[in-house]
Amino acid sequence: MGRVVLPLYTPQYVPEGGEVAIITTDKGVVTVRLAGHDAPIAVGNFIELARKGFYEKTKFHAYKQGSVVLGGCPTTRGLGPAQVDAAMRGVLRGIHPGTGDARYTIKDEYAGKPNNRHELGSLCLAHKSQPDSGSCQFYFSLARQPELDDAFTAFGTTAEGIDVVLALRVGDAIRSIEIV
């Protein structure tokens, strides 16, 4: 059986450059300045999904200390925290957090971008191993990680709530994302 190739999507929303995301989680609130001038496709996509309520009730499904905490997978929406953890450990069969998407992919925006830096609190687009395979999943960088600068699109910077970012773990829920 062949691999499903999702269509490449260009968001209709064009960032103005001053957008901020207020991400409310089980652990608290994180305020992120979005990098609309540096990563307009990733920011436009994130804003469109957030405004549709796409991220509500999704869970963070991966955590690597000192590296990343990953969320935004729709597969986690109907799961409780213990179920997400069990699925990630392979104990809960048939459910695969981290495999969900928005039924499309978007273009990568990291090549040749000097401001594309993975710092503590950077909001970044997750993708598969193929080029232009990011969709809806994102992660917060938990440290300076220059090795990721030329491999993943950083599209925001945590302005407030870095303590919340550092406290997020597998199973923690996104309650809402408001764009202002």
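Residues numbered from 1 in each chain as written. Predicted model: local features only at pLDDT ≥ 70, side-chain atom pairs only at ≥ 80, totals over all residues. Heavy atoms only, no water.

Participant: How would you summarise the overall build of the chain if you had to cite specific residues and measurements?
Facilitator: Scanning the chain from terminus to terminus reveals three helices and eight strands. Beginning at the N terminus, the succession of helices and strands in the chain can be written as β-β-α-β-β-α-β-β-β-α-β. Dimensions of the chain, computed from the C-alpha atoms along their principal axes, are close to 45 × 40 × 30 Å. Summing over all exposed atoms, the chain offers an accessible surface of approximately 8800 Å²; the carbon and sulfur share of this is 54%. (Helix = DSSP H or I, 4+ residues; strand = E, 2+ residues; numbered from the N terminus. Areas by Shrake-Rupley, 256 points an atom, 1.4 Å probe, with all protein chains shown as cover.)

Participant: Give a detailed account of a nonpolar patch on the surface, specifying residues and quantitative values.
Facilitator: Residues Leu120, Ile162 and Leu166 make up a contiguous nonpolar surface patch of roughly 230 Å² in combined accessible area. Along the chain, Leu166 turns up in helix α3 (residues 162-167). By relative accessible area, Leu166 is classed as partly exposed at 39%. (Patch = residues over 30% accessible without salt bridge, like charges linked within 9 Å, V, L, I, M, F, W, Y side chains within 5 Å. Salt bridge = Lys/Arg side-chain N within 4 Å of Asp/Glu carboxyl O. Buried < 20%, exposed > 50% of the residue type's maximum accessible area, 1.4 Å probe, protein only.)

Participant: Can you tell me about the packing of aromatic side chains, naming the residues and giving the values?
Facilitator: Applying the stated criterion to the full structure yields nine aromatic pairs. Taking the centre distance of 5.3 Å and the plane angle of 35° together, the rings of Phe46 and Tyr55 count as tilted. There is no split in this pair, since Phe46 and Tyr55 are both buried. Centroid distance Phe54 to Tyr55: 5.4 Å. Interplanar angle 85°. Geometry classified as edge-to-face. As far as burial versus exposure is concerned, Phe54 and Tyr55 are alike and both buried. Here the aromatic residues Phe46, Phe54, Tyr55, Phe60, Phe138, Phe140 and Phe155 are joined through ring pairs into a cluster of three or more. Here the basic side chain of Arg77 rests over the ring of Phe54, its NZ or CZ set 5.3 Å away from the ring centre. Above the plane of the ring of Tyr63 lies Arg169, whose end atom (NZ or CZ) is 4.0 Å from the centre. (Phe/Tyr/Trp six-rings, centres within 6.5 Å; stacked < 30°, edge-to-face > 60°. Lys NZ or Arg CZ within 6 Å of the ring centre and 35° of its normal.)

Participant: Could you give an account of the side chain of Lys59, naming the residues involved and the relevant values?
Facilitator: The topology assignment puts Lys59 in the loop between α1 (40-52) and β3 (62-64). Despite its burial, Lys59 pairs with no opposite charge; the closest candidate is Asp26, at 7.3 Å N-O. Separated by 2.8 Å, the side chain of Lys59 and the backbone oxygen of Leu79 make a polar contact. When residues no more than four places from it in sequence are discounted, the contact partners of Lys59 are Gly71, Gly72, Thr76, Arg77, Leu79, Val84, Gly171, Asp172 and Ala173. (Lys, Arg positive; Asp, Glu negative; His and termini not counted. Polar contact = N/O pair within 3.5 Å; in protein donor to acceptor, adjacent residues only side chain to side chain. Contact = heavy atoms within 4.5 Å.)

Participant: Tell me about the sheet that holds β3, and please be specific about residues and values.
Facilitator: Read from one edge of the open sheet, eight strands run β3-β4-β6-β5-β7-β2-β1-β8, paired in antiparallel fashion. Strands with a single pairing partner mark the edges of an open sheet, and in this sheet they are β3 and β8 (174-179). Averaged over all pairs of adjacent strands, the angle between strand axes in this sheet comes to 25°, irrespective of strand direction. Two strands pair when backbone bridges link them, and strand β2 (residues 28-34) and strand β7 (residues 154-160) are joined in this way by four bridges, in the antiparallel orientation. The residue bridging Arg33 from the neighbouring strand is Thr157, located in β7. Strands in contact with α1 are β1 (20-25), β2, β5 (122-125), β6 (138-141), β7 and β8; relative to β8, the strand with the most contacts, it is inclined by about 120°. (Pairing = 2+ DSSP bridges. Axes fitted to C-alpha atoms, helices over the stretch in contact; angles between N-to-C directions.)

Participant: Provide a residue-level description of the pattern of salt bridges, including the pertinent values.
Facilitator: All told, the structure shown has seven salt bridges when counted by the stated rule. Here Lys27 and Asp172 are joined by a salt bridge, their closest N and O atoms 3.0 Å apart. Here Asp172 lies in the loop between α3 and β8 and Lys27 lies in the loop between β1 and β2, a separation of 145 residues in the sequence. Lys27 sits in the partly exposed class, given a relative accessible area of 39%. One continuous salt-bridge network, built from bridges that share partners, spans Arg117, Glu119, Arg144 and Asp149.

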